[in-house]
Every structure is written in C-alpha cells, then in structure tokens.
Amino acid sequence: MGVLLVLIAFDSTQQALRAEMLLEYAEIEIDICPTPKEITAGCALSIHFPEEDLSMVKEVIEQENVEIRGIFKPLQSGYEQLEL
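Now for a look at the structure at hand. (Residues numbered from 1 in each chain as written. Predicted model: local features only at pLDDT ≥ 70, side-chain atom pairs only at ≥ 80, totals over all residues. Heavy atoms only, no water.)

**Let's talk about the overall build of the chain**
We count it as follows: Labels follow the DSSP assignment, with helices taken as runs of H or I lasting at least four residues and strands as runs of E lasting at least two, numbered in each case from the N terminus. Here the globule rule reads 2.2 Å times residues to the power 0.38, and the radius of gyration is calculated from C-alpha atoms. A simple rule labels every residue: compare its accessible area, found with a 1.4 Å probe on the protein chains alone, to the largest value its type can have, and call it buried under 20%, exposed over 50%, or partly exposed in between. Contacts between residues were defined by any pair of non-hydrogen atoms, one from each residue, lying within 4.5 Å. Only the protein chains shown count as covering a residue, and every accessible area follows the Shrake-Rupley method with a 1.4 Å probe. Neither His nor the chain termini are counted; the positive set is Lys and Arg, and the negative set is Asp and Glu. Just so you know, the charge point we use is NZ for Lys, CZ for Arg, CG for Asp and CD for Glu.
Assigned secondary structure in the chain consists of two helices and five strands. Walking the chain from its N terminus toward its C terminus, one meets helices and strands in the order β-α-β-β-α-β-β. Its C-alpha radius of gyration of 12 Å places the chain within 12% of the 12 Å reference for a compact globule of 84 residues. Across its three principal axes, the chain shows a C-alpha extent of roughly 30 × 30 × 20 Å. Residues counted as buried form 39% of the 84 residues belonging to the chain. If you take every contact in the chain between residues at least 6 apart in sequence, the share linking residues at least 24 apart comes to 64%. When the accessible surface of the chain is split by element, carbon and sulfur atoms take 47% of a total near 5300 Å². Where the 5 positive side-chain charges of the chain centre and where its 16 negative ones centre are 8 Å apart.

**Things to note about the nonpolar core**
Keep this limit in mind: Take the buried residues of types Ala, Val, Leu, Ile, Met, Phe, Trp, Tyr and Cys, join any two whose side-chain atoms come within 4.5 Å, and each joined set is a nonpolar core.
Counting residues in each nonpolar core, the largest one holds 20 residues, and the members touching the most others are Ile 8, Phe 10, Leu 23, Phe 49 and Ile 71. Contributions of two or more residues to this core are made by strand S1 (5–9), helix H1 (13–25), strand S3 (45–50) and helix H2 (54–63). If you look at the next biggest cluster of nonpolar residues, it comprises five residues, including Ala 9, Cys 33, Ile 39 and Phe 72.

**Observations regarding the sheet that holds strand S2 (residues 31–34)**
Basically, it comes down to this: Pairing between strands is defined by DSSP: at least two bridges between them are needed. Only the stretch in contact is used when a helix axis is fitted, and all axes are lines through C-alpha atoms; the angle between N-to-C directions ranges over 0 to 180 degrees.
Pairing is antiparallel in the open sheet, where five strands are placed in the order S2-S3-S1-S4-S5. The two strands at the open ends of the sheet, each matched to only one other strand, are S2 and strand S5 (78–81). On average, adjacent strands in this sheet sit at an angle of 40° to one another, irrespective of strand direction. Packing of H1 onto the sheet brings it into contact with S1, S2 and S3, and relative to S3 it is tilted by some 25°.

Pasting the structure below:
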C-alpha cells in the first residue's frame, strides 16, 4: 500500500501559501492541490502531505499560528476531519 496523504484545507489563499512556505522550510514533503469538492473551504488550494508527518505539520501550524479550515484524512466515501 502506498503512502496515505492527508490534506490541509484553508479559508484563505494567503494562509495556504504561508503554510506551503513554512512546511517546505521544515522539509516536509508537500503538494499543493485543488481543494476537493467534498470539503467546504474558503480557498481553492489545499496541501497534501504524508500522514507520517502529521505531528510535525501540526507543530508548525500551531507554532506559526497558521489559520486552517482543518486537516482531513481521505476515506472511501469522502473525507474525515482530524482532531487538532
């Protein structure tokens, strides 16, 4: 089985781009992607990252006060929001 990718959704493009910069600086493997239609967010950009980096991603988001809509894990029938 491949790496499970988790997704961060945002309410603003500014926060998405800021998170991209901070996570790349933290050397976390990320990908910018369109926000899936199942997730209602104010921003069309989301960030995918490997689930194994979740605790590091949470740390960066909390330390840098990045405003996010939520972190979502893909399920067969859509997405489940994870606790922060």
